[in-house]
2 protein chains.
Amino acid sequence: MNIKDTLQTIGHAAREASRDMARATTASKNAALLAIAKNIRASAATLLSANASDVSKAQQAGLEPAMIDRLTLTPSGIEAMAQGLEQVAALPDPVGEITDLKRRPSGIQVGKMRVPLGVVGIIYEARPNVTADAAALCLKSGNAAILRGGSEALQSNQAIAACVRAGLKSAGLPETAVQVIETTDREAVGHLVSMPEYVDVIVPRGGKGLIERISKEARVPVIKHLDGNCHVYVDTAADPIKALAILENAKTQRLGTCNTAESLLVARSVATTQLPILAAMLMKKGVEIRGCEETCAIVPQAKPATEEDYATEYLAAIISCKVVADVGEAIAHINRYSSAHTETIVTEDYTNAMRFLREVDSSSVMVNASTRFADGFEYGLGAEIGISTDKFHARGPVGLEGLTSQKWIVLGNGEVRS
Amino acid sequence: MNIKDTLQTIGHAAREASRDMARATTASKNAALLAIAKNIRASAATLLSANASDVSKAQQAGLEPAMIDRLTLTPSGIEAMAQGLEQVAALPDPVGEITDLKRRPSGIQVGKMRVPLGVVGIIYEARPNVTADAAALCLKSGNAAILRGGSEALQSNQAIAACVRAGLKSAGLPETAVQVIETTDREAVGHLVSMPEYVDVIVPRGGKGLIERISKEARVPVIKHLDGNCHVYVDTAADPIKALAILENAKTQRLGTCNTAESLLVARSVATTQLPILAAMLMKKGVEIRGCEETCAIVPQAKPATEEDYATEYLAAIISCKVVADVGEAIAHINRYSSAHTETIVTEDYTNAMRFLREVDSSSVMVNASTRFADGFEYGLGAEIGISTDKFHARGPVGLEGLTSQKWIVLGNGEVRS
């Protein structure tokens, strides 16, 4: 069978399985999740051995140490996967929830029911734990999943998939509810993202290149997460202690995450008092400052920022910095340069806070809190399948609810339209 | 300027205007809507004259009478446009609504704020009233709009657009918040649907060909409405009086609407008692029945249905009919052949009703009510920009809320992540 036919067969089976998943009871979905967790713990030796084979091939192929690190499964990583499945089992089931039922003048009652999206395609790099995490979220939200992990992790993924299938079977759910694509040919991705008859949404998890390529090729909706060029704006009415703590946490707690601050904006009226303190903290932490002219005048160690700096997600010990007139200019700067991920204002001024919340066009907008909080676990979603920087459907951290939609329901008693 | 540059200029202006619209107060948006209504009434003579010119050209070009009918503005049609604007002004403003604020263990409060999508592109056929309706919904939901109407209605659309611009200006809102594309070159549509930097969503309103072409070309999300192949399922436990009334209304009230029933399913246990009564009503109303073998045995006047019949939206006095074993077979048939628009079950059985509601994968699922109720006005949305047969983002009738999204907001007091 050629790759296109293989994908069509997988897609067709997923569509069929999605019908069963949509009507599956919460109890059977949770039973499957707990069984998969149990299987993963019981198969630890098999998983470690499959993973060792993947890692050895990756080392021979000369993969970067960071990639090999993400590829490697450890006993504690396996335990974390099992616990992740148990945590998803403990989350409330979003499917079937009926809301907003209202009686209309015609006599009918109109409301909404939360339903699965159907079939979710997940494309990710060589991180075997994503196989278990993604399967868990799709399963709990009543969707079928087609998983395409990085080819370097193939044996690990197949071993995890076997645990998933056995868990589904033991709970009376179709084994095809979670399918792992076994061909490592890149052509498979092209087919996966262009079968609207079988796939309802694609979630790519990986580098910007992967996501851009998929978005371009896709003929189905994509929940995509591009850059995280996050901003901290220190307002005229900022509390200096909060500003220092928030900037330190947002920029320096972890340099390589998407919710790390990459740009600092400071209101002109507080620039000479606050910027030196903020800059001293950054420099002490080894962060290079690339600033506007005013920044460089106040902080002599700062390098001049280019236009490109303001649009850059460094993922490194560098921050861009600009002095702005007020909250209005801060909002305009952010809406122009930000990647619409997460921004925070530090202020004690109510009106500025409310204006920032309303007018900043990003998926997470914060007042007096670190951008590092933009995360499914911190938001209480239990887990996240990704963070969306789009506006359509789900924005920001996407959990179980983002994998569902709402249909209209009408409860009547024989009414007809006049 | 070539067409691509023209569209880029329009797109850039729309993006700029969308920032002002997002922060516009409810009062100023309503003032604009009421001013536009007033302008439309005051400009009735101008609108009628511009429209007469469009109609005369269309007649010379030999357009079909039905198209000319939709193109023609009458004094009462103009009054209806003005009233439509006033109705949208009276609707609650969805923008800025904060919901689900919850305090997290870290101390931050996390919730959601409803925000406009940004820039909405509407592509429609030669129906000038859509210009006013679409402008109203986009404006009220805080979006900027780019409208591309059928070229046959160009002068009418320009006259209406002048009323819209004057109304926006009088309320202190940017005139570029609603732009009408003036070139009639079809190339403009191709550019409009492939500027993700300027356009956040496309709503095509028109025939299936137009929508399919746009969906294929689009590089931004499309809220699309393809067929309405709606089903009435008469269950084992159907009340015969309700079944008759609902089928009559769903199939025969209007033949050409998307929420008209195109297929009848009858449970085998009641087929011999109910089908003759239902068929007699249909035939009396001049509706041709194309049925399965069992249908033809019970209703000798029925013609045999082909596989294709079950998948067809007739928009005519024809209905397909199939005898099914039970609610399970009805659901399977619908999920296979339906266009996922609207389906209804007629039943007095609680469990069958609940199962149908949950398992039918359509944008509107009803119990004991006519499919004809699937409509923004009947659902209480006030107005609709279209009906979505997709699952992603909005499903079913799309009103103001469907033109918005939700972003996350975090209210902190200096919290940092540990």
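Residues numbered from 1 in each chain as written. Chains lettered and ligands numbered in written order. Predicted model: local features only at pLDDT ≥ 70, side-chain atom pairs only at ≥ 80, totals over all residues.

Quick look at the packing of helix 2 (residues 26-42) of chain B against helix 6 (residues 128-140) of chain B
Packed helix pairs are characterised by how far apart their axes lie and by the angle those axes make with each other.
Residue and element names in this part refer to chain B.
Thinking step 1. One way to put it is that helix 2 packs onto helix 6 with a least axis distance of 9 Å and a crossing angle of 165 degrees. The orientation of helix 2 relative to helix 6 falls into the category roughly antiparallel. Note on packing geometry: the crossing formed by helix 2 with helix 6 is right-handed. Contacts between helix 2 and helix 6 involve Lys29, Ala32, Leu33 and Ile40 on the former and, on the latter, Ala132, Ala136, Leu139 and Lys140.
Thinking step 2. Of the residues contributing to the contact of helix 2 with helix 6, the split by class is six nonpolar, no polar and two charged. (Axes fitted to C-alpha atoms, helices over the stretch in contact; angles between N-to-C directions. Helix = DSSP H or I, 4+ residues; strand = E, 2+ residues; numbered from the N terminus. Parallel < 35°, antiparallel > 145°, perpendicular 65-115°, else oblique. Left-handed = near helix turned anticlockwise from the far one by under 90°. Contact = placed C-beta atoms within 7 Å. Nonpolar A, V, L, I, M, F, W, Y, C, P; charged D, E, K, R; others polar.)

Some details on helix 7 (residues 154-170) of chain B
Residue and element names in this part refer to chain B.
Thinking step 1. An ideal rise of 1.5 Å per residue puts 24 Å on 17 residues; helix 7 measures up with 24 Å between its terminal C-alpha atoms.
Thinking step 2. Among all positions of helix 7, only Leu154, Ser156, Asn157, Ala159, Ile160, Ala161, Cys163, Val164, Arg165, Gly167 and Leu168 are buried.
Thinking step 3. Against the buried residues of helix 7 lie helix 2, helix 3 (44-60), helix 6 and strand 5 (178-180).
Thinking step 4. Directly beyond the C-terminal end of helix 7, a positive phi value near 75 degrees is found at Gly172. (Expected span 1.5 Å × (residues − 1). Buried ≥ 20, exposed ≤ 12 C-beta atoms within 10 Å, placed from the backbone.)

Some thoughts on the sheet that holds strand 4 (residues 144-148) of chain B
Within a sheet, each strand pairs with its neighbour through backbone hydrogen bonds, oriented either parallel or antiparallel.
Residues and elements named next belong to chain B.
Thinking step 1. Across the sheet, four strands lie side by side as 5-4-3-6; this open sheet has parallel pairing. At either margin of the open sheet sits one strand with a lone partner, and together these are strand 5 and strand 6 (201-205). On average, each strand axis in the sheet is tilted by 20 degrees relative to the strand beside it, whichever way the strands run.
Thinking step 2. The pairing of strand 4 with strand 5 spans three bridges and is classified as parallel. Bridging across to strand 5, Ile146 finds its partner in Gln179.
Thinking step 3. Strands in contact with helix 1 (residues 3-23) are strand 3 (119-124), strand 4 and strand 5; relative to strand 4, the strand with the most contacts, it is inclined by about 145 degrees. (Pairing = 2+ DSSP bridges.)

Concerning the sheet that holds strand 6 (residues 201-205) of chain A
Residue and element names in this part refer to chain A.
Thinking step 1. Taken in spatial order, the four strands make up an open sheet running 5-4-3-6, and their pairing is parallel. In this open sheet, the two edge strands, each paired with only one partner strand, are strand 5 (178-180) and strand 6. In this sheet, adjacent strand axes meet at a mean angle of 20 degrees when their direction is disregarded.
Thinking step 2. Taken together, the five bridges between strand 3 (residues 119-124) and strand 4 (residues 144-148) define a ladder with parallel strand orientation. Across the sheet, Ile123 pairs through a bridge with Arg148, a residue of strand 4.

With respect to the confidence of the model for chain A
Thinking step 1. Mean pLDDT over chain A works out to 95, with 100% of the residues at or above the 70 mark.
Thinking step 2. Confidence metrics for the complex model read pTM 0.89 and ipTM 0.90. (pLDDT = per-residue confidence, 0-100.)

Points about the relation of the copies chain A and chain B
Thinking step 1. When chain A is fitted to chain B, the best match, at an RMSD of 0.0 Å, comes from turning it 180 degrees and sliding it 0.0 Å along the axis. Each copy turns onto its partner about a two-fold axis. No C-alpha of chain A lies nearer the rotation axis than that of A:His393, which sits 2.0 Å from it. (Least-squares fit on C-alpha atoms with pLDDT ≥ 70 in both.)

Focus on the pairing of strand 12 (residues 342-346) of chain B
Residues and elements named next belong to chain B.
Thinking step 1. For strand 12, the tally of buried residues reaches five of five residues, placing the bulk of the element in the interior.
Thinking step 2. With burial as the criterion, each face of strand 12 is covered, one bearing Thr342, Thr344 and Val346 and the other bearing Glu343 and Ile345.
Thinking step 3. In terms of strand pairing, strand 12 meets strand 13 (residues 364-369) through four bridges, oriented parallel. For Thr344, the partnering residue across the bridge sits in strand 13 and is Met366.

As for the interface of chain A and chain B
It is common to give the size of an interface as the accessible area lost on bringing the parts into contact.
Thinking step 1. Listed as interface residues are 58 residues of chain A and, on the opposing side, 58 residues of chain B.
Thinking step 2. Those elements that provide at least two residues to the side of chain A that touches chain B are helix 1 (3-23), strand 2 (109-116), helix 10 (240-252), helix 15 (350-359), strand 13 (364-369) and strand 16 (404-415) of chain A.
Thinking step 3. Broken down by element, the side of chain A that touches chain B gets its largest block of residues, 11 residues, from strand 16 of chain A.
Thinking step 4. Along the lines of polarity and charge, the residues of the side of chain A that touches chain B split into 22 nonpolar, 19 polar and 17 charged.
Thinking step 5. Of the strand pairs in this sheet, strand 13 of chain A and strand 16 (residues 404-415) of chain B are connected by five bridges, and their pairing is parallel. What sits directly across from A:Val365, in strand 16 of chain B, is B:Ile409.

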